[in-house]
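Residue strings, one per chain:
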Amino acid sequence: MPKTYLANQDEELKVKMDALIENLKKTNLEDCDDMLLGFSIENDAIVSILNTNGNIVKQAYVETKHEGIFTASATSFVYNNNDKSDLKPIEISNESKLNATIGQEFKFPKETQEYVLIITGSLKAVNQAEEAMRQIWPMIFLIIVVVSIFTSIFYVYFITKPIVKLSKISNQMANLDFSWKCDENREDEIGLLQKNLNDLSDKLSSTLIELQSANDKLKDDIERERELERTRDDFFSAVSHELKTPITIVKGQLTGMIDGVGVYKDRDKYLRRSMEVMKQMEELVQELVMISRMGKYENDFNTFSKINISEITEELLDKFEIGFQEKKMNIRKSFDSLTIDGDKYSINKVISNLIANALFYSPEGNEIRIYINKEDRTFKIENTGASIPKESIIHLFEPFYRVEQSRNKQTGGTGLGLYLVKVILEKHSFKYIMENTKDGVCFTIEF
């Protein structure tokens, strides 16, 4: 601070010296006393005029001392009375610390002799500032410490704490935990970072949900494919078994008839039996072809038309009349005139299979009940005296499934009848259910 003050004072004194010399050039050595004294008082400086020999011929200064502090409250003036004796510069106490000194040559207008103007400025103002600083530095230090503490608290609360929180949140993101949310109550860079983390969390969360959904769907597809593969294997295994047995029977009968062995000499008898077996094989193949076509094409039906369910059922009951008579079965029916939209051939196949099952699996002398209701658009067929195990009901609509596992033609069919019924009804979007009742088994269709 003293060095800076001294440099500034030198520059300021140089400007004032130039102004003082200009004023001195307008007077003479004897009349410049007031001018020098006024400059000394105004600038708190010693003003000296030296001759070419370096001796002081005029000097003005301020000297007031009170407890070591100098002020401009009083003046003292010393000058030459034009005698030959030289004046020496007065000695000022070191406490005044007069250090800023500049000089310049000049001439009075009516004199040929050159003089040197010397101005020595005082540093007492800056020294007083230094003394004040020494006295208050403990307070300044305390203020700096307090400000530093509050600045640190501010930094921790507004800068460090949010960053630590964001660090924890990013760690949660690394562990795929997106249940948190940043408080977006700031508008600075940290607030922008919080908003970006929230957006990133939402996008990652939705992406993971989509991936999880896609993964679950893929698992379901794989499981479905495996199930289809198992069903396909079971299907081909059952088909091969269903075809293998009648082919073996027919082949044996034909071989016996060709060779004329034993009972096979009666060709007419065994030709009729072979024909019956071939009819069963033909029926099986037709059902397989129909199922294959329905599974291959989304809508593999002839043109839909208006179908009267009551009329179709009456016609089919007439065809099964002989079978009912042979088993001494009674038919109870209640028909409303119900018309639906559908493929006539397929719906006819459904009702035919249901009547055939009711006839085939009902004990002799029981009753078959058929109801067609127009109001709730339902078809119900119930065969009494029969019952299906609960664990078998859900499998009855699988291809080639039979409750009786021996696959004897005397106790059951091919196992494709109800599967075909299921496929046709689902293609028509008709609901159906098969359930045990107190009297037997009931199959219901909701058109």
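Located above this text is the structure these notes cover.
This structure is a prediction, so every number in the text was calculated from the model and none was measured. (Residues numbered from 1 in each chain as written. Predicted model: local features only at pLDDT ≥ 70, side-chain atom pairs only at ≥ 80, totals over all residues. Heavy atoms only, no water.)

**Re the overall build of the chain**
So, point 1. Helix and strand content of the chain: ten helices and 14 strands.
So, point 2. For the chain, the residues scored as buried account for 34% of the 447 residues in total.
So, point 3. Long-range pairs, those at least 24 residues apart, make up 63% of the contacts in the chain between residues at least 6 apart in sequence.
So, point 4. Split by element, the accessible area of the chain, about 28500 Å² in all, is 54% carbon and sulfur. (Helix = DSSP H or I, 4+ residues; strand = E, 2+ residues; numbered from the N terminus. Buried < 20%, exposed > 50% of the residue type's maximum accessible area, 1.4 Å probe, protein only. Contact = heavy atoms within 4.5 Å. Areas by Shrake-Rupley, 256 points an atom, 1.4 Å probe, with all protein chains shown as cover.)

**Description of unusual backbone geometry**
So, point 1. Its identity as a non-glycine residue notwithstanding, Lys-328 has a phi of 55°, on the positive side.
So, point 2. For Lys-328, the location among the structural elements is in the loop between helix H7 (321-326) and strand E9 (330-335).
So, point 3. With a relative accessible area of 62%, Lys-328 lands in the exposed category.
So, point 4. The phi dihedral of Ser-429 falls on the positive side, at around 65°, and the residue is not glycine.

**Quick look at a negative patch on the surface**
So, point 1. A cluster of acidic residues, Glu-311, Glu-315, Asp-318 and Glu-321, forms a negative patch at the surface.
So, point 2. When residues in the negative patch are grouped by element, the largest group, three residues, is from helix H6 (residues 309-319).
So, point 3. Locating Glu-321 in the fold gives a position in helix H7.
So, point 4. We classify Glu-321 as partly exposed; its relative accessible area is 36%. (Patch = residues over 30% accessible without salt bridge, like charges linked within 9 Å, V, L, I, M, F, W, Y side chains within 5 Å. Salt bridge = Lys/Arg side-chain N within 4 Å of Asp/Glu carboxyl O. Lys, Arg positive; Asp, Glu negative; His and termini not counted. Charge placed at Lys NZ, Arg CZ, Asp CG, Glu CD.)

**Examining a nonpolar patch on the surface**
So, point 1. Residues Trp-137, Phe-141, Leu-142, Val-145, Val-146, Ile-149, Phe-150 and Ile-153 make up a contiguous nonpolar surface patch of roughly 820 Å² in combined accessible area.
So, point 2. Mapped onto the elements, Ile-153 comes out in helix H3 (residues 124-174).

**Here's the deal with helix H10 (residues 417-427)**
So, point 1. With eight of its eleven residues buried, H10 lies for the most part within the structure.
So, point 2. Buried within H10 we find Gly-417, Leu-418, Tyr-419, Leu-420, Val-421, Val-423, Ile-424 and Leu-425.
So, point 3. Looking one or two places after H10, you find Ser-429, whose phi comes out positive at around 65°.

**Observations concerning the pattern of salt bridges**
So, point 1. The full count for this structure, using the stated rule, is eleven salt bridges.
So, point 2. Here Arg-369 and Glu-382 are joined by a salt bridge, their closest N and O atoms 3.8 Å apart. Taken together, the residues span a long stretch of sequence, with Arg-369 in strand E11 (residues 367-373) and Glu-382 in strand E12 (residues 378-384) at a distance of 13 residues.
So, point 3. On the accessibility criterion, Arg-369 (15% relative accessible area) is buried.
So, point 4. Residue class for Glu-382 comes out buried when judged on its relative accessible area of 10%.
So, point 5. Across the pair Asp-439 and Arg-369 runs a salt bridge, and its minimum N-O distance is 3.0 Å. On the criterion of sequence distance, the pair formed by Asp-439 in the loop between strand E13 (431-436) and strand E14 (440-446) and Arg-369 in strand E11 is long-range, its members being 70 residues apart.
So, point 6. Asp-439 gets classed as partly exposed once you look at its relative accessible area, which sits at 32%.
So, point 7. One network of salt bridges, in which partners are shared, links Arg-332, Glu-367, Arg-369, Glu-382 and Asp-439.

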